[in-house]
Amino acid sequence: MTIDRRGFLSISGSAISSALLASCDSRGPRSAERLLRYAERKNEVVERALLRHSSMDAPAAGARLAGNALPSYFISKTVPVWDESKRGRWALEVGGVVKTPLRLTLEDLLKLPRTTERVNHYCVEGWTAVEQWTGVRVSVLARLAGIDRRARFVDFESFDDGYHESWDIESAMHRQTVVAYGLDGQMLGPAHGAPARVYSPTKLGYKNTKYLTRLMFLPNRTGGYWSDAGYEWYGGV
Amino acid sequence: MARVRHHWIVRLTHWVNAVALTIMVGSGLRIFNAYPAFARRGETFCCYPFEGTRIPAFLTFGGWLGGARNWHFAMMWLLVANGLLYLGFVYLHGEWRDLVPRRGFLRDSGDMLKFYLFAKHEHPRHGKHNALQRGTYFILPWVGVLSVISGIAIWKPVQLAPLTDAMGGFVWARYWHFVAMMLLVVLSVVHVFMVFAVDPYSLRSMVTGGYNEKNSPEARNARPFYHLLPNRFRQKREGQSQANASGSALIPDDSRDAAPAASLSGDSQAAPESRIQKSEK
């Protein structure tokens, strides 16, 4: 193939500049979408293989509790608060493919075996925050309800405008995955998901549904608010 | 010219790397913009003076955080596979000998800097790559390794906690990832600048493999933006003024190209003379 210097320079110059113009703050070519989905599926295989029930998160030595510096995210227009006068008493439902569906009030949760852990919060945005969470392990709730073999996924539903996120069962059964009702030694406030929320350092923040209402053990995955919007579904850490 | 300057595997991996690295940097900067700081919430960070300042949007890629993450986590496999192919080839095929610093590296680098700063007249004779290039092409893979390891550390800080701890924890791993990216960007920008300012002929060698040694920076005695023209044109001009003393000494086997150049200049000089003669008559 012969191509003179001038031809080469003009071709490469226009190719580079058009590629730069096309890429500036853009989402990239639409046709790449399938490739990106494919990569996400393959990444999930790798991430699942990396998951160990023995690997525990521990904050760096000397790290301080974030306290009020912990950001508060929700999708409703205002802070979601459970209104007892309209909705009656709050209770967490545990259902799906289980032997005995549960309905647990906050008092019921407080009576169950309690776990307190000081762990990192890994946000998808890149920040971390150290917090101390108190609650009941999801694995304890699973044992209480008697989940059966078909349960491969868990959907954590909320009263925050339909927000939910579904998980793989393995991550949900991790020892550091809890339904938390306490934060830094106090009962959870409305900003951080009261009355109860899921918390696990093994998942990115957006997977940890706040303002919990239902915990459904399911045979198939059911997506999620941010997963359906384009963030990776697995979101493992 | 029968021998190619860069093996086709080197040329292929070079351009795949150029595209993949550009996308990785752009999407990485978009991810960074979601939290353009390093401090843990409720704490401060010692070593980044621009905490909270976003990177200009035109330097980013992916459109939004989720899109940038999808690109980043897809392109990382291509970048790593491409890097391994390059390093494996360069090792097995012997090219690494041109890419590692030689004995006297510091002295040679000093010579190159002196030459670029006009403190030295002649381009040092270093062969295929000069000492500064060797240093750069040797450091780049190590910075690449740092960016990959720190990247894995911030991708899986819980499942691969020992790795993240080895980097000083999540916050520091994220910082090293950023530093490695900055190093790669600086080295790449200088690299591209030098291609256009000193050795534009290397563009051809990185595409088709072809390269004319007479156009090498050593042969042209080329500093940034100086002597960009091929040597044969310069020689024509110099030859007119001072019977090409330095020019022919630089390139011993220049006789083939010198002949047409000389005849060309002879013609162009002959024309006005003959015209003058005509007008006199």
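Since we're looking at a predicted model, the values are computed, not measured.

Caption draft 1: Local environment of the overall build of chain B. Helix and strand counts for chain B stand at eleven helices and zero strands. What you see in chain B, going N to C, is helices and strands ordered as α-α-α-α-α-α-α-α-α-α-α. Relative to its 281 residues, chain B shows a buried fraction of 43%. Across chain B, the fraction of contacts at a sequence separation of at least 24, relative to all contacts at a separation of at least 6, is 62%. Of the roughly 15,200 Å² of accessible surface on chain B, 67% is carried by carbon and sulfur atoms.

Caption draft 2: Molecular detail of the state of the cysteines. Residue and element names in this part refer to chain B. Within this structure, the stated rule accounts for one disulfide over all chains. There is a disulfide in this structure between C46 and C47, and the S-S distance comes to 2.2 Å. With the S-S bond torsion at -90°, the cross-link from C46 to C47 turns out left-handed. Among the residues examined, C46 registers a relative accessible area of 58% and is labelled exposed.

Caption draft 3: Highlighting the interface of chain B and chain A. Across the contact, 36 residues belong to chain B and 48 residues belong to chain A. For chain B, the biggest contributors to the area lost against chain A are R41, V158 and Q159 of chain B; these three give 19% of the whole. Between chain B and chain A we count two salt bridges in total. Measuring nitrogen to oxygen at the nearest pair gives 2.6 Å for the salt bridge that ties E47 of chain A to K156 of chain B. For the interface between chain B and chain A, the tally reads 13 residue pairs in polar contact (both at pLDDT 80 or more). Elements represented by at least two residues in the side of chain B that touches chain A include exactly helix 1 (8-34), helix 2 (65-92), helix 6 (170-197) and helix 7 (201-207) of chain B. When residues in the side of chain B that touches chain A are grouped by element, the largest group, nine residues, is from helix 2 of chain B. Its residues placed into classes, the side of chain B that touches chain A shows 22 nonpolar, seven polar and seven charged.

Caption draft 4: Local environment of a nonpolar patch on the surface. Among the surface-exposed residues, F118, F193, F225, Y226 and L228 of chain B lie close enough to one another that they form a single nonpolar patch of about 520 Å² accessible area. Position of F118 of chain B relative to the elements: it lies in the loop between helix 3 (105-116) and helix 4 (131-155).

Caption draft 5: Spotlight on helix 5 (residues 138-145) of chain A. The element helix 5 of chain A is largely enclosed, with a buried count of six among its eight residues. Within the sequence span of helix 5 of chain A, burial applies to V138, S139, V140, L141, A142 and A145 of chain A.

Caption draft 6: Expanded view of helix 4 of chain B. Residues and elements named next belong to chain B. Look at helix 4: 36 Å from first C-alpha to last across 25 residues, which is about the 36 Å you get at 1.5 Å a residue. A131, R134, G135, Y137, V143, G144, S147, S150, G151, A153 and W155 are the residues of helix 4 that are buried. Its side-chain oxygen 2.9 Å from the backbone nitrogen of L132, N130 forms the N-cap of helix 4.

Caption draft 7: Geometry of the pattern of salt bridges. Summed over the entire model, instances satisfying the criterion amount to 19 salt bridges over all chains. R103 of chain A is paired through a salt bridge with E93 of chain A; the nearest N and O atoms lie 3.9 Å apart. On the criterion of sequence distance, the pair formed by R103 of chain A in strand 2 (residues 102-105) and E93 of chain A in strand 1 (residues 91-96) is long-range, its members being ten residues apart. Under the relative-accessibility criterion, E93 of chain A is labelled partly exposed at 33%. Note that E213 of chain B and R5 of chain B form a salt bridge whose closest N and O atoms lie 3.7 Å from each other. Of this pair, E213 of chain B sits in the loop between helix 7 and helix 8 (217-220) while R5 of chain B sits in the segment before helix 1, and the two are 208 residues apart along the sequence. Take E213 of chain B: its relative accessible area is 52%, and that puts it in the exposed class. Its relative accessible area of 13% is what places R5 of chain B among the buried residues.

Caption draft 8: Layout of the side chain of N120 of chain A. On the secondary structure map, N120 of chain A appears in strand 3 (residues 115-122). According to the relative accessible area criterion, N120 of chain A is buried, its value standing at 6%. Here N120 of chain A is in contact with D57, A58, P59, A129, V130, Y199 and P201 of chain A together with R40 of chain B, once residues within four sequence places are set aside.

Caption draft 9: Region of interest: the packing of helix 3 of chain B against helix 4 of chain B. All names here are of chain B. Between helix 3 and helix 4, whose axes approach to 8 Å, the crossing angle comes to 120°. One finds that helix 3 runs oblique with respect to helix 4. Touching F105, D108, S109, M112, L113 and Y116 of helix 3 are A131, L132 and G135, all from helix 4. Taken together, the residues of the contact of helix 3 with helix 4 break down into six nonpolar, two polar and one charged.

Caption draft 10: Unusual backbone geometry, seen in detail. Cis geometry is adopted by the peptide bond preceding P195 of chain A, which originates at A194 of chain A and carries an omega value of 5°. With a phi angle near 65°, F118 of chain B is a residue other than glycine that sits in the positive phi range. Of note in the backbone geometry, F225 of chain B takes a positive phi value of approximately 70° without being a glycine. Looking at where F225 of chain B falls in the secondary structure, it is placed in the loop between helix 8 and helix 9 (231-241).

Caption draft 11: Expanded view of the packing of helix 1 of chain B against helix 6 of chain B. All names here are of chain B. Packing of helix 1 against helix 6 leaves a shortest axis separation of 11 Å and a crossing angle of 135°. Between helix 1 and helix 6, the angle falls in the class oblique. Crossing of helix 1 against helix 6: the hand is left-handed. Contacts between helix 1 and helix 6 involve H14, L21, V25, L29 and F32 on the former and, on the latter, R174, F178, M181, L184, V185, S188 and H191. Here the contact of helix 1 with helix 6 is composed, by residue class, of eight nonpolar, three polar and one charged.

Parameters at a glance
Residues numbered from 1 in each chain as written. Chains lettered and ligands numbered in written order. Predicted model: local features only at pLDDT ≥ 70, side-chain atom pairs only at ≥ 80, totals over all residues. Heavy atoms only, no water. Helix = DSSP H or I, 4+ residues; strand = E, 2+ residues; numbered from the N terminus. Buried < 20%, exposed > 50% of the residue type's maximum accessible area, 1.4 Å probe, protein only. Contact = heavy atoms within 4.5 Å. Areas by Shrake-Rupley, 256 points an atom, 1.4 Å probe, with all protein chains shown as cover. Disulfide = S-S within 2.5 Å. Buried area = accessible area lost by both parts, 1.4 Å probe. Salt bridge = Lys/Arg side-chain N within 4 Å of Asp/Glu carboxyl O. Polar contact = N/O pair within 3.5 Å; in protein donor to acceptor, adjacent residues only side chain to side chain. Nonpolar A, V, L, I, M, F, W, Y, C, P; charged D, E, K, R; others polar. Patch = residues over 30% accessible without salt bridge, like charges linked within 9 Å, V, L, I, M, F, W, Y side chains within 5 Å. Expected span 1.5 Å × (residues − 1). Axes fitted to C-alpha atoms, helices over the stretch in contact; angles between N-to-C directions. Parallel < 35°, antiparallel > 145°, perpendicular 65-115°, else oblique. Left-handed = near helix turned anticlockwise from the far one by under 90°.

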